[in-house]
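# Reading the structure
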Amino acid sequence: MKNRTNISYRRAFLVMLFTTIALSIGVTALWWRLHASRSAQAEPSTAQTSEATPSSMQSMSAGQSATPSQPETALAPIQLSPQRMQSIGVQIGEVKYQPVNDEIRFYGNVQADERRLAYVQTRFAGWIRKLYADATGDFVRKGQPLFTIYSPDLVTTEQEYLIAKKNQADLQQSSVTGVASGAASLLSATRDRLLQWEISSSEIAKLDSEGKVITDLTINSPVSGYITEKSALPNMYVQPEMHLYTVSDLSDVWVLAQVFQNDAGKIKPGDRAEITVDAYPGRVFAGRVDYLLPQLDTTTRSLPVRLVSRTQD
């Protein structure tokens, strides 16, 4: 009985062993088939990756690390009605290549060009006799009479000049050594004194032709322009340090404006500008950037800019 029981146990053990081995072989075969199918599906993506490999290799050769490419999200088309496009402000235009110019607008104040201002004053003391330019705002031309002045110092110098001229003519033929040259030197010295006092050559020529002292000397305008300041009055006693007239040549003017610091780098001297003035509606004056002053206003964060405009063609 014991032998039969042992034989039954052995048969059951062998059956269980063979069953386990068969199941293991089946599971292994199934896993191998699944792995092979996944590898076959992954081959197209691998080929696609290999096509992009040259650029990746180029990036890696430049010292950049290769990173796996992220899958791109598919773009979905959308449709908008004309009413919807108008409501959201969509505009369609043609793409063009063209230079882009930044337009900067700012406000400024017009003033006279300081380099075109002329002050009228005398280099000797005296009394104004007659006033020709008697109102601020009058336009005067270069060489136009402004006033006449009587100066005792000037009259004395004129007399010395006439005497030196007469002596030079009388002693020109003198045989005494140094007399003729001394008379000529004295005449030249008195003439130079008149020129240093800014007596015009026409007044000296008049003095030579008439041969008598000019008591009332005429002072002319040094430039053409408008009288912006005037302090000269009839019978007024004047000194050399007094400014009697200020004549402004307004053919060129300055426009002083403020430009924000963010736009300061876009402006440089020589840039062209267009200037409009409320007093002349519809008229555009040509100008140019003359100077950008390096003075930042910490309150407004702006810098002064100076433009030059031509008012006359």
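Look up a bit, the structure's there.
Only a predicted model underlies this, so the values are computations on that prediction, with no experimental measurement involved.

### Some remarks on the overall build of the chain
For the chain, the helix and strand inventory stands at 7 helices and 13 strands. Across the 313 residues of the chain, 23% fall into the buried class. Counted over contacts in the chain with a minimum sequence separation of 6, partners at least 24 positions apart contribute 67%. Per element, the accessible surface of the chain, about 23,700 Å² overall, is 54% carbon and sulfur.

### Description of the pattern of salt bridges
Evaluated as defined, the whole model comprises 14 salt bridges. Between Arg129 and Asp216 there is a salt bridge, and its shortest N-O distance comes to 3.0 Å. Here Asp216 lies in the loop between helix H6 (201–210) and strand S6 (217–220) and Arg129 lies in strand S3 (residues 126–131), a separation of 87 residues in the sequence. Of the charged contacts, one joins Lys268 and Asp271 as a salt bridge, the two residues approaching to 3.1 Å between their closest N and O atoms. When its relative accessible area of 52% is taken as the criterion, Lys268 is described as exposed. By relative accessible area, Asp271 is classed as buried at 19%. Taken together, the salt bridges that share partners define one network made up of Asp113, Arg115, Arg288, Asp290 and Arg306.

### Section: the nonpolar core
Looking at soluble globular proteins, one finds that nonpolar side chains tend to be buried together. Of all hydrophobic cores here, the largest spans 29 residues; its most connected members are Phe147, Ile199 and Tyr245. Counting only elements with at least two residues in this core, the list comes to S3, strand S5 (145–150), helix H4 (152–170), helix H5 (179–196), H6, S6 and strand S9 (245–248). Counting residues per element, this core draws most heavily on H4, which supplies 4 residues. Formed by 12 residues, the second largest nonpolar core is a distinct cluster that contains Val259, Ala273, Leu303 and Leu307.

Reading the values: the criteria
Residues numbered from 1 in each chain as written. Predicted model: local features only at pLDDT ≥ 70, side-chain atom pairs only at ≥ 80, totals over all residues. Heavy atoms only, no water. Helix = DSSP H or I, 4+ residues; strand = E, 2+ residues; numbered from the N terminus. Buried < 20%, exposed > 50% of the residue type's maximum accessible area, 1.4 Å probe, protein only. Contact = heavy atoms within 4.5 Å. Areas by Shrake-Rupley, 256 points an atom, 1.4 Å probe, with all protein chains shown as cover. Salt bridge = Lys/Arg side-chain N within 4 Å of Asp/Glu carboxyl O. Core = buried A, V, L, I, M, F, W, Y, C linked by side-chain atoms within 4.5 Å.

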